[in-house]
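A closer look at the structure
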Amino acid sequence: MAEFEIGRVVETEFGGKAKILNVIGKGRQSTVYLVQYNSMKMALKWYDTDKVKNLDKIYQNIKRNVKDGEPNNKFLWCKYMTKVDKTTGAFGYFMEVKPDSFEYFVDVMNGYKIVQDSSTKHLTKKSVKFSNLNAMVMAGINIVTAFRKLHEIGKSYHALSDGGFFINTDTGAVLMSDCDTIAPYGEDLDINIRPTYKAPEVLDGGLPDENSDLYTLAVVLFKMLFRGDHMEGRKVIMDICMNEQELAKHYGKEAVFIYDPDNDSNRPIRGIHDNVIKFWGEYPEYIKDAFVRSFTVGKKDPEKRLSLDEWQALFIRLRSEILSCICGKSHFVSMIAKQNDKIFKCPNCGMEFASMKFSNRTFRKPLYIGCKLFECEINPNADDFLSVAGELVENKIRPGLIGIKNCSDSKWSVKMPDGLFHDVTSGKGFPVWNGLEIDFGKVQAKF
Amino acid sequence: MFKGFSRSVIGASHVKKGIVCQDSSDYKTGNGYAVAVVADGHGSKKHFRSHVGSKFAVESAIETIERFYEDRERLERELTENHEMIIHNMEKQIVAVWHDKIMGHFAENPVTAEEKKQFEEDEFNKIPVESYYGTTLVTAIADENFTFGFQIGDGSLVAVFDDGETAMLMDYEESNPANITASICGRNAASMFSRFFVGNKKVLAVFVSTDGLYTSFGKDSDFLDYHTIIASQLSDINTFETSVVKNITKRTHFGTEDDISLSCIYNSEIVEEKSMILREKILNKRKKS
């Protein structure tokens, strides 16, 4: 199919008119255009009828998604259908445009994007990295939350791809795309796409459902944390795969996780998988164990995959184990040596940090200026993973005096330097001292 | 029928410094295809085994291409549809094979005191083993139905087609966006290759060369003309070899005075049939200038 020329008008299903401004991107089965629709800029995804197998199924699914509406505002959802071209049967749909502050996931994985200088037209490489570990872990939490929202309406991804979502690398905010491939559990859109994200049972002909989506989620999270592929190691590299059908066996029936503890035939190779090799050495065991489970026992048995709650708990733990030092470096505490049971030492500058022990968990949270206590950390029943309940702050009038500010709506009971417990209400603070104890209600913490 | 030629010549600057030729080159002709390869070992201090690394890179490329051509029919069938994926798989395999080779060499030949003496202890400990063997790699494959190639790092690839067109199908900038020097020894090397595939033209000859040759020319057009001229001489391979070796040896005294490697693969039937077009092209150009 030829590309639409700039300026061409495409009609919406109900007669609105959108003018093609330029091409945003080209996929294997479609082209995405920037369009002017009334006073708004929108994106139009237009399918190539020669390359799509189940045009009618895809059409009906998008139409249903338009009607059902988005799970929440974290999805670049299908907003309106176009009219169907009477000659070719081709069609498309309109969605919101990705804001400039969001990066393509594939660029985040690669660590760079290629940009063209507007004046010289030269291509240059621009770094795409998370600003800090907090942003990356927040992206993980946001991705899990997006999958949760999807599952709440009984839908799952049928063909997520590298271009399927966008991340703000400063904040960890996530926008999910590829929404035309979201469909109710058990439906068969039969979309031809790279096998990487698909669950083995789906590659084997099964229908996507909640469990296959949990596998897809594990793949997404692996790719984000380790910036590499979960199944591409020596076994896959040395096999001569001529097409994606042949490649699919390495993600389905013959899949071997690159760090399968019982099978070392598919280990990553230096020069090809350097990111994975580096980061596998840096993440805590509980994160690595989660992926080992997902891609070994969870590969064969969908019931043994990590649930959304489990992923959420792991990422919340990971977030609480970040140590951001004033020297500018941040680390997971699993990566750094402890001075003793309670003191963490920055491996970059040697600065020492105290920590807090919470009554509902075995690991300690390092304390540094700017570190946050989240609602879900002090209230085990909270289904809110993003709200900040407290923050470690430095007194503006008396620099060096460190305290914790209660940012929640609850009243806390805090043991003060006078040895007595006092109420600390919302907006108030209290000093961090050696004997500090905090009763949050359902959870208690000790300095 | 495909035939080939390859030669590496030590650069004048290397002779002056008393260092070995860091380049390697080779070619291989198979049933219905041929492959030409050159590699330019980085040669600087931390790449103290790059002459070995470049030899391994050339071997790895030829072995990998031969492996992919074991089922030639299937490869030819699939390449037209999936060349991006297949060529990238070749690149990855080459990196993997090269790693195995250098690690094998390193295991059998631990770093000697002589090699180590130019470094401070801390400085030496920071150099990854791969860097000892660092090199570029340029590979061209000519098939009866198409031509393709890939490269990592600098170097040139020039194709001469049966209609007389001479073209550089990959260039230095393209393989190094933002001036990042790519090397097979680098982190994530497999993602730093650039590649091309031409499926609709018959190739007369393809030349790959290390950058010593390119930098010995002042202009791209002179560099391309040079290839047109030497391609026109391929009908007499003995004369071609003598003249090209003499010429590239002379050229190691120009430009960066670097080593020069040139590998060439050509279709002898097309050369026989179409050399005249090239000669006419050269004559016309001379008349115009």
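Report on the accompanying structure. As the structure is a computational prediction, the values presented were derived from the model and not from experiment. (Residues numbered from 1 in each chain as written. Chains lettered and ligands numbered in written order. Predicted model: local features only at pLDDT ≥ 70, side-chain atom pairs only at ≥ 80, totals over all residues. Heavy atoms only, no water.)

1. Comments concerning the overall build of chain B
What counts here: Helix numbering and strand numbering both begin at the N terminus, where a helix is a DSSP run of H or I of at least 4 residues and a strand a DSSP run of E of at least 2. Based on C-alpha atoms, the radius of gyration is set beside the globule rule, defined as 2.2 Å times the residue count to the power 0.38. With a 1.4 Å probe rolled over the protein chains alone, any residue whose accessible area is under 20% of its type maximum counts as buried; one over 50% counts as exposed, and the rest are partly exposed. Contacts were defined at the residue level, with two residues in contact if any of their heavy atoms lie within 4.5 Å. Reported accessibility uses the Shrake-Rupley method at a 1.4 Å probe radius. Residues are deemed covered only where the shown protein chains occlude them. Two residue types count as positive, namely Lys and Arg, and two as negative, namely Asp and Glu; His and chain ends fall outside the count. In plain terms, the charge of a residue is placed at NZ if it is Lys, CZ if Arg, CG if Asp and CD if Glu.
In terms of helices and strands, chain B carries 11 helices and 10 strands. For 289 residues, the compact-globule estimate of 2.2 N^0.38 gives 19 Å, and the C-alpha radius of gyration of chain B, at 19 Å, lies within 12% of that figure. In chain B, which comprises 289 residues, the proportion classed as buried is 56%. Restricting to contacts in chain B with at least 6 residues of sequence separation, those with at least 24 account for 76%. Carbon and sulfur atoms provide 49% of the accessible area of chain B, an area that totals close to 12,400 Å². Treating the 33 positive side-chain charges of chain B as one cloud and the 45 negative ones as another, the clouds have centres 4 Å apart.

2. Notes on the interface of chain A and chain B
Threshold: For any pair of parts, buried area is found by adding up, for both, the accessible area (1.4 Å probe) each one loses once the two are put together. Salt bridges are counted wherever a side-chain nitrogen of Lys or Arg sits within 4 Å of a carboxyl oxygen of Asp or Glu. Here a polar contact means two N or O atoms within 3.5 Å. Within protein one must be a hydrogen donor candidate and the other an acceptor candidate, and residues neighboring in sequence count only if both atoms are side-chain atoms. Lys, Arg, Asp and Glu make up the charged group, whereas Ala, Val, Leu, Ile, Met, Phe, Trp, Tyr, Cys and Pro make up the nonpolar group; the residues left over, Gly among them, are polar.
Every contact between the two is made by 26 residues of chain A and, on the other side, 29 residues of chain B. Together, the buried faces of chain A and chain B total about 2,200 Å²; carbon and sulfur atoms form 54% of this surface. Here chain A is connected to chain B by four salt bridges. The shortest N-O distance in the salt bridge between B:Glu130 and A:Arg270 comes to 2.4 Å. Counting every contact that joins chain A to chain B gives 15 residue pairs in polar contact (both at pLDDT 80 or more). Class assignment of the residues belonging to the side of chain A that touches chain B gives a composition of 11 nonpolar, six polar and nine charged.

3. So, the environment of B:Val52
Structurally, B:Val52 can be placed in helix α2 (residues 50-68). In contact with B:Val52, not counting residues within four places along its chain, are B:His105 and B:Tyr133.

4. Some remarks on empty space enclosed by the protein
All names here are of chain A. Filter applied, for reference: Grid spacing is 1 Å over the protein atoms alone, the probe is 1.4 Å, and a cavity is where that probe fits but cannot get out, while a pocket is an open set with protein on both sides within 12 Å along at least five of seven lines and lining residues have an atom within 4 Å of a point. Grid points are joined across faces, edges and corners, and a volume is the space filled by probe spheres set on the points.
Following the criterion strictly, the structure yields three cavities of 30 Å³ or more and no others. Quantified by volume, the largest cavity comes out at close to 80 Å³. What lines the largest cavity is Tyr 157, His 158, Ala 159, Leu 160, Tyr 197, Lys 198, Ala 199, Val 202, Pro 208, Ser 212, Asp 213 and Thr 216. Counted by class, the lining of the largest cavity contains seven nonpolar, three polar and two charged residues.

5. As for the sheet that holds strand β20 (residues 372-374) of chain A
Residues and elements named next belong to chain A. We apply this condition: Should DSSP find at least two bridges between two strands, the strands are regarded as paired. Note on definitions: angles span 0 to 180 degrees between N-to-C directions of axes, and those axes are lines fitted to C-alpha atoms, for helices only across the stretch in contact.
Pairing is antiparallel in the open sheet, where four strands are placed in the order β20-β21-β22-β25. Looking at strand neighbours, the two that pair on one side only are β20 and β25 (429-431), the edges of this open sheet. Strand-to-strand twist of the sheet, defined as the mean angle between neighbouring strand axes without regard to direction, takes the value 20 degrees. Pairing of strand β21 (residues 388-394) with strand β22 (residues 402-406) involves five bridges; the strand directions are antiparallel. Each bridged residue has a counterpart across the sheet, and for Leu 392 the counterpart in β22 is Ile 404.

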